[in-house]
Amino acid sequence: MEFEFVKKDKLKEKPKKNLGFGNYFTDYMFTMDYSDEKGWHNKKILPYGEISVSPSTMVLHYAQETFEGLKAYRGYDGKIYLFRPDMNAKRFINSNKRMCMPEISEELFIDCVKELIKVEKDWIPNGEGESLYIRPFMFANEASLGVHVAKSYKFMIILSPVGAYYPEGVNPIKIYVEDEYVRASLGGTGFVKCGGNYAASLKGQERAEKLGYTQVLWLDGVERKYVEEVGSMNAMFLIDDKIVTAPLLGTVLPGVTRDSILTILKDFGFEIVEKHLSIDELMEAGKNGRLKEAFGTGTAAVISPIGELYYRGEEVIINDFKTGALTQKLYDTLTAIQWAKSEDKYKWRLEVK
Ligand SMILES: Cc1ncc(COP(=O)(O)O)c(C=O)c1O
């Protein structure tokens, strides 16, 4: 791929510890522009820094914006890998279609990510559980008011070295089941990774945090009865000996980790039930011991065991608030693939060289 590379004189000092999530950004960023006349053009790798936009830039008013999230890993073999970037590229295409934004082909998306990673390879941290988070995003940058589909867009990629999500090992989280606010409903944008979904979710997240919970479990937007997903993760439940999770029917984000974990679970011999699980059935299963384990799946944490569910004044503790054996095994299996500790059985790693 051809692009302009604007070099910096002095590179930043790389942080060595306490990376956390999304706190540091690398030296460079990728940008390209879209117009109906020229298509995607102006491909550049520039020093990471501020961008200026007009106050009338459409995204600031009407939120025409989409994004993705994936990681680059420094494998145990010293090589650099992306994990299933084709899935992110496909989801980005679907998001952009829904938001009336221009398509970036799977090939172009992956090429842009690879070129930036090659420039920034020294930023991939190599401590246990550390990785380089990749945030591609697109927004409407036409400067005019009036609600309509914009004519011009910018696509950018920024990178952030991130620490192990659980520096002391995988730990269960407390989840607040939200029964007032909703995240998505049929016909809306629940299946899409667009900023607006997250803006609308803040109210519920704020309440959950105030009450001492880590994240919200969303219920369906019509009846507030069926379990959908967690704030930034898909949710799975081991009830009796089956895995139950919400189906992908338009209101839930199709997680890359969700797909990977379901594939591994099928390989382990588990029956997967994708169904509208009512919150009453879930709480009941929690109370009578049928709910053996629960966990969220997502790029940031890989797997988050759910140790407690709170719903309308009642709480259910799952597996004595300990990480379940299956949850741990899934975490170990998937992270071994991501960091190239095990063979790439499903052909999910893409080496960047
Ligand atoms: C709402 C929501 N659901 C699920 C996920 C998990 O998706 P993935 O596994 O692709 O990170 C995310 C994270 O991106 C999310 O924001």
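Structure: above.
Residues numbered from 1 in each chain as written. Predicted model: local features only at pLDDT ≥ 70, side-chain atom pairs only at ≥ 80, totals over all residues. Heavy atoms only, no water.

### Considering the overall build of the protein
The criterion, for reference: We count a stretch as a helix when DSSP gives it H or I for four or more residues in a row; a strand needs E for two or more, and each element gets its number in order from the N terminus. A radius of gyration in this sense is built from C-alpha atoms; the matching globule rule multiplies 2.2 Å by the number of residues raised to 0.38. Three exposure classes are used, based on accessible area relative to the maximum for each residue type with a 1.4 Å probe and protein chains only: buried under 20%, partly exposed in between, and exposed over 50%. With residues, only the protein chains shown are counted as cover, and all accessible areas are computed by Shrake-Rupley using a 1.4 Å probe. This count recognises Lys and Arg as positive and Asp and Glu as negative, with His and chain-terminal groups excluded. Here the site of a charge means atom NZ of a Lys, CZ of an Arg, CG of an Asp or CD of a Glu.
Per the secondary structure count, the protein includes seven helices and 18 strands. Expected size for 353 residues packed as a compact globule is a radius of gyration near 20 Å; at 21 Å, the protein falls within 12% of this value. In terms of its C-alpha atoms, the protein occupies a principal-axis envelope of roughly 60 × 50 × 35 Å. Counting only residues that meet the buried cut, the protein has 51% of its 353 residues in that class. For the protein, the computed accessible surface area is about 16,200 Å², with 49% contributed by carbon and sulfur atoms. One way to put it: in the protein the 47 positive side-chain charges average out to a point 3 Å from where the 51 negative ones average out.

### Focus: the site of the ligand
Inclusion rule: When at least one non-hydrogen atom of a residue lies within 4 Å of a molecule or strand, that residue is treated as near it. Between N or O atoms, a polar contact is any pair within 3.5 Å; within protein, one atom must be a potential hydrogen donor and the other a potential acceptor, and residues adjacent in sequence are included only when both atoms are from side chains. With a 1 Å grid spanning the protein atoms alone, the term cavity applies to any set of points in which a 1.4 Å probe fits but cannot get out, the term pocket to an open set with protein on both sides within 12 Å along at least five of seven lines, and the term lining residue to any residue with an atom within 4 Å of a point. Think of it this way: a molecule belongs to a cavity or pocket when more than half its atoms come within 2 Å of the grid points there. Gly falls in the polar group here, along with every residue not listed as nonpolar (Ala, Val, Leu, Ile, Met, Phe, Trp, Tyr, Cys, Pro) or charged (Asp, Glu, Lys, Arg).
For the ligand, the set of nearby residues contains 16 residues, the closest of which are Lys193, Tyr198, Glu229, Thr257 and Thr299. Lysine 193 places a side-chain nitrogen or oxygen 2.6 Å from an oxygen atom of the ligand. Within the contact set of the ligand, an oxygen atom lies 2.8 Å away from a backbone nitrogen or oxygen of valine 256. The site holding the ligand turns out to be the largest pocket. Only strand S12 (233–239), helix H5 (256–268) and strand S15 (291–298) provide two or more residues apiece to the shell around the ligand. Taken together, the residues of the shell around the ligand sort by class into four nonpolar, eight polar and four charged.

### So, the side chain of asparagine 96
The following threshold applies: The contact definition used throughout considers only heavy atoms, calling two residues in contact when any of these lie within 4.5 Å.
Mapping asparagine 96 onto the fold places it in helix H2 (residues 85–98). Not counting the four nearest positions on each side in its chain, asparagine 96 is found in contact with Thr66, Met101, Pro102 and Met138.

### Digging into unusual backbone geometry
In this structure, arginine 312 is a non-glycine residue whose phi angle is positive, near 45°. For asparagine 319, which is not glycine, the phi dihedral falls at a positive 50°. Within the secondary structure, asparagine 319 is located in the loop between strand S17 (314–317) and helix H7 (325–338). Judged by relative accessible area, asparagine 319 falls into the partly exposed class, the value being 32%.

### Some points on the pairing of strand S8 (residues 152–162)
The condition that has to hold: In this description, strands pair whenever DSSP reports at least two bridges between them.
With eleven of its eleven residues buried, S8 lies for the most part within the structure. Bridge count between strand S2 (residues 28–35) and S8: six bridges; the pairing is antiparallel. What sits directly across from methionine 32, in S8, is phenylalanine 155. Bridge count between strand S7 (residues 131–140) and S8: ten bridges; the pairing is antiparallel. Each bridged residue has a counterpart across the sheet, and for phenylalanine 139 the counterpart in S8 is lysine 154.

### Notes on the pattern of salt bridges
Any two side chains of opposite charge can pair, on the condition that their charged atoms come close. What counts, and what does not: Criterion for a salt bridge: a side-chain nitrogen of Lys or Arg within 4 Å of a carboxyl oxygen of Asp or Glu.
In this structure the tally under the stated criterion is 18 salt bridges. Its salt-bridge partner being aspartate 33, residue lysine 154 comes within 2.8 Å of it at the nearest N-O pair. Of the two residues, lysine 154 is situated in strand S8 and aspartate 33 in strand S2; the sequence distance between them amounts to 121 residues. By the burial criterion, lysine 154 is buried, and aspartate 33 matches it. Note that aspartate 86 and lysine 90 form a salt bridge whose closest N and O atoms lie 3.6 Å from each other. Linking aspartate 86 with lysine 90, this pair stays in helix H2, spanning four residues, or about one helical turn. Residue classification places aspartate 86 among the partly exposed residues on the basis of a relative accessible area of 28%. Of the residues examined, lysine 90 reaches a relative accessible area of 40% and is grouped as partly exposed. Three or more residues are tied together by salt bridges with common partners; here these are Asp86, Lys90 and Glu106.

### What to know about the layout of surface pockets
Going by this rule: Grid points are joined across faces, edges and corners, and a volume is the space filled by probe spheres set on the points.
Taken as a whole, the largest pocket spans an internal volume of roughly 690 Å³. As for the largest pocket, its lining consists of 32 residues, of which Lys193, Tyr198, Gly231, Ser232 and Met233 are closest to the centre. Elements represented by at least two residues in the lining of the largest pocket include exactly S7, helix H4 (195–210), S12, H5 and S15. Here the lining of the largest pocket gets four residues from one element, more than from any other, and that element is H4. Grouping the amino acids of the lining of the largest pocket by side-chain chemistry returns twelve nonpolar, 14 polar and six charged. Each pocket or cavity is described by its volume, and for the second largest pocket that value is around 320 Å³. What lines the second largest pocket is a set of 20 residues, and nearest its centre among them are Tyr76, Glu128, Gly129, Tyr331 and Lys341. A total of four residues in the lining of the second largest pocket trace back to one element, the largest contributor, which is H7.

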